[in-house]
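# Summary of structural features
Here's the letter readout for the chains.
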Amino acid sequence: MFGSTVAYSYLVTPKLCIQESDPARGYITSTLFFVSGLGSLIQSTFGTRLPIIQGPSFVFLAPIFAILSSTQWKCPSEEEVLSTTEEELQEIWGNRNNTSVVNTISYRPYHLVDRTFTFEEAASSASKNWGIAFITILLLVLFSQYLQNINIPGCSCSRERGWKIEKLPVFKLFPVILTVVTAWVICFILTAADALGPTNSARTDLRVQTMYSSPWFRFPYPGQWGLPTVTISSVLGMFAGILASVLESIGDYYACVRLACALPPPPSAINRGIFAEGISCIISGIWGSGCGMTSYSQNIGAIGITKVASRRVIQYSAVTMMIFAVLGKFGAFLNLIPEPIIGGNICVMFALVTGAGLSNVQFIDLHSSRNIFILGFSLFMGITIPKWFSGHPGTIDVGNDVANQLITVLLNTSVFVGGLIAFVLDNSIPGTDEERGLIKWRKQGLELNGSEGDQVTLLSPPTYDLPFGMNLIKRYKILKYIPISPTYNQNSLFGSVRSLFKKIIPQINCNRNID
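A few points on the structure. (Residues numbered from 1 in each chain as written. Predicted model: local features only at pLDDT ≥ 70, side-chain atom pairs only at ≥ 80, totals over all residues. Heavy atoms only, no water.)

## A short note on the overall build of the chain
Here is the rule we go by: Counting from the N terminus, the helices are the DSSP runs of H or I reaching at least four residues and the strands are the DSSP runs of E reaching at least two. Contacts between residues were defined by any pair of non-hydrogen atoms, one from each residue, lying within 4.5 Å. In this description, accessible areas are obtained by the Shrake-Rupley approach with a 1.4 Å probe, and a residue is regarded as covered only by the protein chains that are shown.
Secondary structure summary: the chain contains 22 helices and 6 strands in total. Taking the intrachain contacts of the chain between residues at least 6 apart in sequence as the baseline, contacts between residues at least 24 apart amount to 80%. Counting every atom, the chain has about 25100 Å² of accessible surface; 64% of that belongs to carbon and sulfur.

## A look at the pattern of salt bridges
Which entries qualify depends on this criterion: Salt bridges are defined as contacts in which a side-chain nitrogen from Lys or Arg sits within 4 Å of a carboxyl oxygen from Asp or Glu. Any residue under 20% of the maximum accessible area for its type is buried, any over 50% is exposed, and the rest in between are partly exposed; the area is computed with a 1.4 Å probe on protein chains only.
Going through the model one piece at a time under the given rule, you end up with 5 salt bridges. Its salt-bridge partner being Arg203, residue Asp194 comes within 3.7 Å of it at the nearest N-O pair. The exposed category is assigned to Asp194, whose relative accessible area is 57%. In this structure, Arg203 engages Asp205 in a salt bridge whose closest nitrogen and oxygen atoms are separated by 3.0 Å. Using a relative accessible area of 11% as the deciding quantity, one classes Arg203 as buried. The exposure class assigned to Asp205 is partly exposed, which follows from its relative accessible area of 37%. A network of salt bridges, in which partner residues are shared, links Asp194, Arg203 and Asp205.

## Structural notes on the pairing of strand β2 (residues 152-158)
This is how it is decided: Whether two strands pair depends on DSSP finding at least two bridges between them.
Pairing geometry for β2 and strand β3 (residues 162-168), over 7 bridges, is antiparallel. Across the sheet, residue Ser156 finds its bridge partner in β3, namely Lys164. Between the antiparallel neighbours β2 and β3 lie 3 residues.

## Regarding the side chain of Thr48
Along the chain, the position of Thr48 falls in the loop between α2 (24-46) and β1 (54-56). With near-sequence residues (within four places) excluded, Thr48 lies in contact with Gln43, Tyr253, Ala269, Arg272, Gly273 and Tyr464.

## Topic: the packing of α2 against helix α11 (residues 267-286)
As a reminder, the rule being used: Each axis is a line fitted through C-alpha atoms, and for a helix only the stretch in contact is used; angles between axes span 0 to 180 degrees, taken between their N-to-C directions. Angles below 35 degrees are treated as roughly parallel, those above 145 as roughly antiparallel, those between 65 and 115 as roughly perpendicular, and all remaining angles as oblique. Note on convention: near helix rotated counterclockwise from far helix by under a right angle means a left-handed crossing. Clockwise means right-handed. Residues are grouped as follows: nonpolar covers Ala, Val, Leu, Ile, Met, Phe, Trp, Tyr, Cys and Pro; charged covers Asp, Glu, Lys and Arg; every other residue, Gly included, is treated as polar.
For the pair α2 and α11, interaxial distance at closest approach is 9 Å and the crossing angle is 160°. For the element pair α2 / α11, the angle class is roughly antiparallel. Judged by the twist between their axes, the crossing of α2 over α11 is right-handed. Across from Val35, Leu38, Gly39, Ile42, Gln43 and Phe46 in α2, the residues of α11 making contact are Arg272, Gly273, Ala276, Glu277, Ile279, Ser280, Ile283 and Ser284. Class assignment of the residues belonging to the contact of α2 with α11 gives a composition of 7 nonpolar, 5 polar and 2 charged.

## Let's talk about the environment of Ser30
Position of Ser30 among the secondary structure elements: in helix α2. Spatially, the C-alpha atoms of Ser30 and Ala332 are 8.5 Å apart, while their sequence positions differ by 302 residues. The residues touching Ser30, leaving out its near neighbours within four places in the chain, are Pro220, Ala325, Leu327 and Gly331.

## Looking at the packing of aromatic side chains
Both the distance between ring centres and the angle between the ring planes are used here to describe each pair of aromatic rings. What counts is decided by this rule: Pairing of aromatic rings covers Phe, Tyr and the six-membered ring of Trp, with a centre-to-centre limit of 6.5 Å; geometry is then stacked below 30 degrees between planes, edge-to-face above 60, and tilted otherwise. When the NZ atom of lysine or the CZ atom of arginine is within 6 Å of a ring's centre and also within 35 degrees of its normal, the charge is said to sit over that ring.
Following the criterion strictly, the structure yields 10 aromatic pairs and no others. Measuring from centroid to centroid gives 5.4 Å for Phe143 and Phe171, while their planes differ by 25°, and the two rings are stacked. Pair noted here: Phe143 is in helix α6 (residues 130-146) and Phe171 is in helix α7 (residues 170-173), with a separation of 28 residues, a long-range link. Accessibility expressed as a relative area gives 15% for Phe171, which makes it buried. Just above the ring of Trp216 sits the side chain of Lys329; from NZ or CZ to the centre is 5.2 Å.

## Looking at the side chain of Ser289
Test applied: Polar contacts, as used here, are pairs of N or O atoms within 3.5 Å; protein pairs need one atom able to donate a hydrogen and one able to accept it. Residues neighboring in sequence count only if both atoms are side-chain atoms.
By secondary structure assignment, the location of Ser289 is in the loop between α11 and β4 (293-295). The class for Ser289 is buried, based on a relative accessible area of 2%. A polar contact of 2.3 Å, which involves the side chain of Ser289, links it to the side chain of Ser284. Residues in contact with Ser289, not counting those within four places in the same chain, are Ile28, Thr31, Leu32, Val35 and Ser284.

So yeah, pure geometry; function would need other evidence.
Structure representation (structure tokens):
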């Protein structure tokens, strides 16, 4: 999760008008690690209780950039940088909180939500020194793809066997860190040899002053950037990211279950997982990180490599992240990484994230002309429409400033445009459940079919029970109607709702003769 978390702060801080030498860059990085650790602790303890790491989600970049690129947000002069930065963070913080409330009550997966990212931001960072960026890309591809099956001899220790020399999958486990360290060393050598210009972004001594100006200890505290401000347009823009994040997280839950060889999670665990992510997003907004939280698939992949699927490992890791975040020099140190290295790293990671997003359509019938049209059209228009509107600011003018900003932000958000088009087409163009991929999706454990076709919900197995209070929860039968309760039974809830409607709504006589 190191690469994604550091890359996120590098992408967001320039949009917040934070200069490279400003210690605030390190503060935001530390805040991201802190809220990621706190979110991971909540998720693994009270959420799905699966060994899943939470981290800043890239799906929120599109709406965030759309908000910050609107006419309301322009980078000020150096004298006004601090105050404007606080105001911008206040709006992102406030809108992140409002959409997080929606996330906490989003219990069901959304079908075929499109995802696109701002690749220009990756190219912008890499272009500051394409040589170093290409070296970073080549190293990351080499370590993560070509050398992933090569193991390096190292020491391991266990209670049963003690110390032992065995081969470890180092390149599989640490491709990002190995890439960053190697490229950083190369930049250090070039800087020491004076092979780079005095203002070259690949130099390792450009931001050394931030190490001296940052405190040794700094606790990321709630409201550190001031009180939040809220606009309707920004809330709806962030909501588009929420939909994509929900879909991504549900897929991660089932991937984690398969790698951990656990029982399929019941609906209550899925509900609790999305609820926990919503709480994490609210915490992230309160702490002023400027982003939402989601499950990190790369850490789930590490389970398949290490064969370690213990939630305690994640809980210890979460506490470790929070401890590092309190060290002020830690965020400042990460801020020393030359930006071309981060740019090269982002280029590869965006490709992986895009591929992971497209993998969600694996369940649909890609031989169907219906699905091919919906997928291709939504992807193309989801990229084209925001691209055009971003290049033609001020096009929207309906006579109301609030409405103008609302429409502008939404049409500049690729996730919203592509997702809305896909949603409308998928629910209006006739298609079978098999074409839509619903049959294969249900086989992943979302639902089981009864003997007569009725939906039967699995009750929560002990793996997904809360760490305490289960006797009290089982004692109160009413809790089986609460979607996040371990004893939740959706059939009981839906049956009660149906019975209630039958009592409230009078029976209509449909046997009348019509002349």
